Amino acid sequence: MDYEISMLFPEGKRKALTFSYDDGTIHDRRLAALLNEYGMKGTFNLNYGLLGKGGMETVNGIETDFSRVEAEEVRCLYQGHEIASHAYSHASLTGLPKNMAATEVLKDRYNLEQLTGELIRGFAYPYGAYNSQIEEILDACGIEYARTVESTGDFCLPEDFLAWHPTCHHEDERLMALAEKFCREEKDGPFVFYLWGHSYEFAQKNNWELMESFLKYMAQYKEDIWCATNIEILDYVKAYRELKRSTDGKILMNPNATPLYVAMNGRKYCIHGNEKLELPS
């Protein structure tokens with residue numbers, strides 16, 4: 001008997017959808033409202049040291065309102081979503097001495113935790129700049145995953161969550177083609193569509209309909225997609241990777257409280273927390 005299994009997401013779903021948006025500008029207000037309207041979840045990466053800062057900036061050659069959300073609105077605005085770190089002052093960590101890079105991470109994490117009352121365990125690299133030394137610093141600072149800006153065009157989970165490459169940016173010309181491929185994929189999963197960007201980019205180009213079209217399309221398939229934050233996906237995958245198996249692969253034991261779902265030979269199974277499952281012969 002072949003006891004090869006594959007991971008499924010909660011409720012036995014093969015696919016997950018997640019979002020990651022940086023900088024905490026006031027345009028997050030509209031983006032968060034859109035995600036809420038379509039029942040989606042996102043991760044918002046904030047720089048605590050810049051909250052409440054106002055003003056126009058020239059970004060990619062375009063004059064942009066780059067005002068940041070106020071600290072006092074953070075809890076309400078991002079309710080139901082995840083707040084992650086983006087470094088205290090949006091400094092490029094690879095350009096700093098190790099102690100200063102660690103300070104950027106820890107200071108942001110500490111203040112965001114005090115502000116939200118939640119653990120901050122995620123990160124997005126400012127300017128996409130990272131290396132193995134920065135990964136080590138993040139790990140030492142209690143950060144468990146970090147998003148890069150290196151689009152993969154695929155739906156694979158990372159081996160190294162401190163170098164979590166997204167599927168694509170929302171301005172990628174392949175966006176809707178990838179969405180269609182993702183939703184119509186019939187092979188065994190797991191598959192994750194990971195979209196990233198900055199909400200101010202929609203305001204720059206007045207193309208909010210781009211995101212609305214994507215959300216509307218994905219909403220048609222929500223019954224088969226787990227809409228999750230970055231940290232929810234990480235926690236589920238980590239729990240799955242701790243699944244214990246007998247020598248012959250027939251017995252599975254889940255040492256975590258999280259119910260885990262697996263697929264084998266076209267059948268779905270749920271292994272409840274702290275329980276074991278004996279697969280059929």
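Quick note: structure is the one above.
Quick look at the structure, then. (Residues numbered from 1 in each chain as written. Predicted model: local features only at pLDDT ≥ 70, side-chain atom pairs only at ≥ 80, totals over all residues. Heavy atoms only, no water.)

## So, the state of the cysteines
By the definition in use, this model includes zero disulfides. The thiol of Cys-156 is not disulfide-bonded; the next cysteine sulfur, from Cys-168, is found 14 Å away. With no disulfide partner, Cys-270 has as its closest neighbouring cysteine sulfur the one in Cys-227, 20 Å distant. (Disulfide = S-S within 2.5 Å.)

## Observations concerning the pairing of strand E6 (residues 82–85)
Both faces of E6 are covered, namely the face carrying Glu-82 and Ala-84 and the face carrying Ile-83 and Ser-85. Both strand E3 (residues 42–46) and E6 contribute to a ladder of four bridges, which runs parallel. Bridging across to E6, Thr-43 finds its partner in Glu-82. (Buried < 20%, exposed > 50% of the residue type's maximum accessible area, 1.4 Å probe, protein only. Helix = DSSP H or I, 4+ residues; strand = E, 2+ residues; numbered from the N terminus. Pairing = 2+ DSSP bridges.)

## Describing the packing of helix H1 (residues 28–37) against helix H7 (residues 208–219)
Running from N to C, H1 and H7 cross one another at 20 degrees; their axes reach a closest spacing of 10 Å. When the axis of H1 is compared with that of H7, the two are roughly parallel. Crossing hand, H1 versus H7: right-handed. For the pair formed by H1 and H7, the contact residues are Arg-30, Leu-31, Leu-34 and Leu-35 on the first element and Trp-208, Met-211, Glu-212 and Leu-215 on the second. (Axes fitted to C-alpha atoms, helices over the stretch in contact; angles between N-to-C directions. Parallel < 35°, antiparallel > 145°, perpendicular 65-115°, else oblique. Left-handed = near helix turned anticlockwise from the far one by under 90°. Contact = heavy atoms within 4.5 Å.)

## With respect to the sheet that holds strand E14 (residues 260–264)
Pairing is antiparallel across the open sheet formed by three strands, whose spatial order is E1-E14-E15. Whereas interior strands pair on both sides, the edge strands pair on one side only; in this sheet they are strand E1 (6–8) and strand E15 (267–271). With strand direction ignored, the average angle separating the axes of adjacent strands in the sheet is 35 degrees. Here E14 runs beside E15; their pairing, made up of five bridges, is antiparallel. Within the sheet, the bridge partner assigned to Met-264 lies in E15 and is Arg-267.

## A word on the environment of Tyr-130
Within the element layout of this structure, Tyr-130 appears in the loop between strand E7 (122–124) and helix H4 (132–140). Along the primary structure Tyr-130 and Ser-151 are separated by 21 residues, whereas in three dimensions their C-alpha atoms are 15 Å apart. When residues no more than four places from it in sequence are discounted, the contact partners of Tyr-130 are Thr-94, Tyr-125, Glu-135, Thr-148, Glu-150, Ala-163 and His-165. Here the side chain of Tyr-130 touches Glu-150 through a polar contact of 3.1 Å, side chain to side chain. (Polar contact = N/O pair within 3.5 Å; in protein donor to acceptor, adjacent residues only side chain to side chain.)

## Things to note about the sheet that holds strand E12 (residues 244–245)
If you trace the three strands from one edge of the open sheet to the other, you get E12-E13-E16, paired in antiparallel fashion. At either margin of the open sheet sits one strand with a lone partner, and together these are E12 and strand E16 (276–278). With three bridges connecting them, strand E13 (residues 251–253) and E16 associate as antiparallel partners. Bridged to Met-253 within E16 is Lys-276.

## Section: the nonpolar core
Phe-19, Phe-193, Met-211, Phe-214 and Met-218 are the most contacted members of the largest nonpolar core, which totals 39 residues. With six residues, the single largest contributor to this core is H7. By size, the runner-up hydrophobic cluster in this structure holds 29 residues, among which are Ala-84, Val-192, Leu-234 and Leu-279. (Core = buried A, V, L, I, M, F, W, Y, C linked by side-chain atoms within 4.5 Å.)

## Quick word on the pairing of E3
In terms of residue burial, E3 counts as a mostly covered element, since five of its five residues are buried. Here E3 shows a buried face lined by Gly-42, Phe-44 and Leu-46 and a second buried face lined by Thr-43 and Asn-45. As paired elements, strand E2 (residues 15–22) and E3 share four bridges and run parallel to each other. Opposite Ser-20, over in E3, you have Thr-43 as the bridge partner.

## A word on the pattern of salt bridges
Tallying each qualifying case throughout the model produces twelve salt bridges. For Arg-184, the salt bridge is made with Glu-180, and the minimal N-O distance between the two is 3.0 Å. Taken together, the residues span about one helical turn, with Arg-184 and Glu-180 both in helix H5 (residues 175–184) at a distance of four residues. When its relative accessible area of 52% is taken as the criterion, Arg-184 is described as exposed. With relative accessibility at 33%, the residue Glu-180 sits in the partly exposed group. (Salt bridge = Lys/Arg side-chain N within 4 Å of Asp/Glu carboxyl O.)

## Describing the environment of Glu-278
The topology assignment puts Glu-278 in strand E16. The exposed category is assigned to Glu-278, whose relative accessible area is 53%. When the C-alpha positions of Glu-278 and Gly-249 are compared, they lie 9.2 Å apart, and in sequence the two are 29 residues distant. In contact with Glu-278, other than residues within four places in its own chain, are Lys-250 and Ile-251. Within the structure, the side chain of Glu-278 is placed 3.5 Å from the side chain of Lys-250, a separation counted as a polar contact.

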